[in-house]
Amino acid sequence: MSGFKTIALQCLLALAIAFAVSTVREAIAAGSDTPSTAIHFTFDRPIDASMAPFFLAAKDGRFGAEHLNVSFNSASGSPEALARLAKGDSELALVDINELIRFRDKDDAAPVKAVFVLFDRAPYAIVARKSRGIRLLPDLDGKTVGVADGDLSMRLWPALAQQNGIKASHVKFHKISAAVREPILSAGQVDAVAGFSYLSAVNLRDRGVPEADLVVLRYADYGCEAYGFAVVANTAFAAAKPDAVKGFVRALIAGITATAREPARAAEEAASRIEDGDRNLELKRLHAVLADNILTNEVKRNGLGGVEPARLERSIDQIARDFKFRKRPTARDVFDDQFLPPLAERLIN
């Protein structure tokens, strides 16, 4: 009798397992039937290591899990990326949020908004050589700084100089091509160059300039309140497919988390998408950008992707010192937090 009960129990258990497996397969099949939403994503500049979280999210299937079919392309700057968004040629783009603020001031500007801030601190910096007598920002007095055409950092220089008691007229800015920014500093033709901290400084070390002779004067360390690169959404797309935008943000957060956990793999993935990409060089850039711009103390407290409205308002005021707004945008005009997941899902250690 006990043998019969054992056999019966085994049969019931087998049936239960078979039913559970069948249910899971049906759920997966149903899920796979969900149509994917196509997203054309535009980077506002050539690929570098700071974009690794996007590529790792794609490689790890995070976008696919959100039923998104994401393709990447690049523009020649934030203005062009914003123009593509406004026309609907891109659904989402990574742009400098400070350019978005200026863009929103145009009379005919599309009401596009940032939905996720990747860089909690803007990467603007002056990279100088200590051997030229520069160790602190005020040491730029009487010095020559190489500045590439369209360098976004110069848009906030007036506010930074005023905040730190530097007379703008005492600093000579020498216009240069972006291609020779690091070479002319390494050759000693200028005392410093303006650019992004995680790009120029790493490039100079790679060119053989001794690290001990370099000083990176980050704007954020001298009172600049600006946020940096942010994901901006096409207005019509965000209104029609809010779940797709939310899914993209969730996938990106997973990509950032994976990048922080496995920076070497992330750098490898970024380098593989760059012509003649150097994994070791991109890894150096990635370590710098994670520490200085993405995983800041504020992000560790408040989570990934969001903004502090009061700080964003102050950064708009700093932009206004060099940019005459016709109608000053507010923080709400620039950033929309409705696509962010709950705080618990945005915290990162």
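Residues numbered from 1 in each chain as written. Predicted model: local features only at pLDDT ≥ 70, side-chain atom pairs only at ≥ 80, totals over all residues. Heavy atoms only, no water.

**Considerations on the sheet that holds strand 3 (residues 92-96)**
Logical step 1: In spatial order, the strands read 2-1-3-10-4; together these 5 strands make up an open sheet with mixed pairing. Looking at strand neighbours, the two that pair on one side only are strand 2 (68-74) and strand 4 (113-117), the edges of this open sheet. Between one strand axis and the next, the sheet turns by 30 degrees as a mean value, whatever way the strands run.
Logical step 2: The pairing of strand 3 with strand 10 (residues 229-233) spans 5 bridges and is classified as antiparallel. (Pairing = 2+ DSSP bridges. Helix = DSSP H or I, 4+ residues; strand = E, 2+ residues; numbered from the N terminus. Axes fitted to C-alpha atoms, helices over the stretch in contact; angles between N-to-C directions.)

**Section: helix 2 (residues 52-59)**
Logical step 1: A large share of helix 2 lies buried, amounting to 6 of its 8 residues.
Logical step 2: Taken together, the buried positions of helix 2 are A52, P53, F54, F55, L56 and A57.
Logical step 3: A positive backbone phi angle near 75 degrees is found at G61, which sits one or two residues after helix 2. (Buried < 20%, exposed > 50% of the residue type's maximum accessible area, 1.4 Å probe, protein only.)

**Section: empty space enclosed by the protein**
Logical step 1: Considering all chains together, one arrives at 1 cavity of 30 Å³ or more under this definition.
Logical step 2: If you add up the space inside the largest cavity, you get close to 40 Å³.
Logical step 3: For the lining of the largest cavity, a count of residues per class yields 4 nonpolar, 2 polar and 3 charged. (1 Å grid on protein atoms, 1.4 Å probe; cavity = no way out; pocket = protein on both sides within 12 Å on 5 of 7 lines; lining within 4 Å. Points joined across faces, edges and corners; volume = space filled by probe spheres on them. Nonpolar A, V, L, I, M, F, W, Y, C, P; charged D, E, K, R; others polar.)

**Focus on the nonpolar core**
Logical step 1: Judged by nonpolar contacts, the single largest core of 101 residues is most densely connected at F41, F54, F116, W157, V231 and F248.
Logical step 2: If you tally residues by element for this core, the top one is helix 10 (residues 242-261), at 9 residues.
Logical step 3: Once residues within four sequence positions are removed from consideration, F116 is found in contact with A230, V231, V249, L252, I253, I256, L304, G305, F335 and L340.
Logical step 4: Counting 12 residues, the second-largest nonpolar core is a separate cluster that includes A125, I176, A201 and V216. (Core = buried A, V, L, I, M, F, W, Y, C linked by side-chain atoms within 4.5 Å. Contact = heavy atoms within 4.5 Å.)

**Brief notes about the pattern of salt bridges**
Two side chains of opposite charge can pair, provided their charged atoms sit close to one another.
Logical step 1: For the structure shown, the criterion picks out 27 salt bridges.
Logical step 2: E99 is the partner of R155 in a salt bridge, and the nearest nitrogen-oxygen pair spans 3.4 Å. Here the residue R155 occupies a position in the loop between strand 6 (144-148) and helix 6 (157-163), and E99 occupies one in helix 5 (residues 97-103), the gap between them amounting to 56 residues.
Logical step 3: Of the residues examined, R155 reaches a relative accessible area of 31% and is grouped as partly exposed.
Logical step 4: R181 is the partner of D151 in a salt bridge, and the nearest nitrogen-oxygen pair spans 3.3 Å. Of this pair, D151 sits in the loop between strand 6 and helix 6 while R181 is found in helix 7 (residues 181-186), placing the two residues 30 residues apart along the sequence. Each member of the pair, D151 as well as R181, carries the same accessibility label: buried.
Logical step 5: What you see here is one network of salt bridges that share partners, running through R121, R218, D221 and D292. (Salt bridge = Lys/Arg side-chain N within 4 Å of Asp/Glu carboxyl O.)

**Quick word on the side chain of S50**
Logical step 1: By secondary structure assignment, the location of S50 is in the loop between strand 1 (37-43) and helix 2.
Logical step 2: At a separation of 2.9 Å, a polar atom in the side chain of S50 contacts the side chain of R45.
Logical step 3: Apart from residues lying up to four places away in sequence, S50 is in contact with R45, L118, F119, Y198 and V289. (Polar contact = N/O pair within 3.5 Å; in protein donor to acceptor, adjacent residues only side chain to side chain.)

**Looking at the sheet that holds strand 5 (residues 124-129)**
Logical step 1: Ordered in space as 7-6-8-5-9, the 5 strands form an open sheet in which the pairing is mixed. Edge positions in the open sheet fall to strand 7 (172-176) and strand 9 (214-218), since each of these has one partner strand only. The sheet shows a mean angle of 30 degrees between the axes of neighbouring strands, direction not considered.
Logical step 2: Pairing of strand 5 with strand 9, which is carried by 5 bridges, proceeds in the antiparallel orientation. Bridge pairing in strand 9 places V127 opposite V216.
Logical step 3: Across the sheet, helix 8 (residues 197-206) touches strand 5, strand 8 (192-196) and strand 9, and the angle it forms with strand 8 is around 130 degrees.

**Some words on the packing of aromatic side chains**
The geometry of an aromatic ring pair is captured by the separation of the ring centres together with the interplanar angle, meaning the angle of the planes.
Logical step 1: The final tally for this structure, using the stated rule, is 19 aromatic pairs.
Logical step 2: Here the aromatic rings of F41 and F43 are separated by 5.1 Å at their centres, their planes lie at 70 degrees, and the arrangement is edge-to-face. Comparing F41 with F43 shows no difference in burial state: the two are buried.
Logical step 3: Relative to F54, the ring of F43 has its centre 5.3 Å away and its plane inclined at 85 degrees; by these criteria the two rings are edge-to-face. Note that F43 is positioned in strand 1 and F54 in helix 2, a separation of 11 residues in sequence.
Logical step 4: Given a relative accessible area of 0%, F54 falls into the buried group.
Logical step 5: One aromatic cluster in this structure is built from F41, F43, F54, F55, F63, F72 and F248.
Logical step 6: Above the ring of F229, the side-chain terminus of R45 is found at 3.7 Å from the ring centroid. (Phe/Tyr/Trp six-rings, centres within 6.5 Å; stacked < 30°, edge-to-face > 60°. Lys NZ or Arg CZ within 6 Å of the ring centre and 35° of its normal.)

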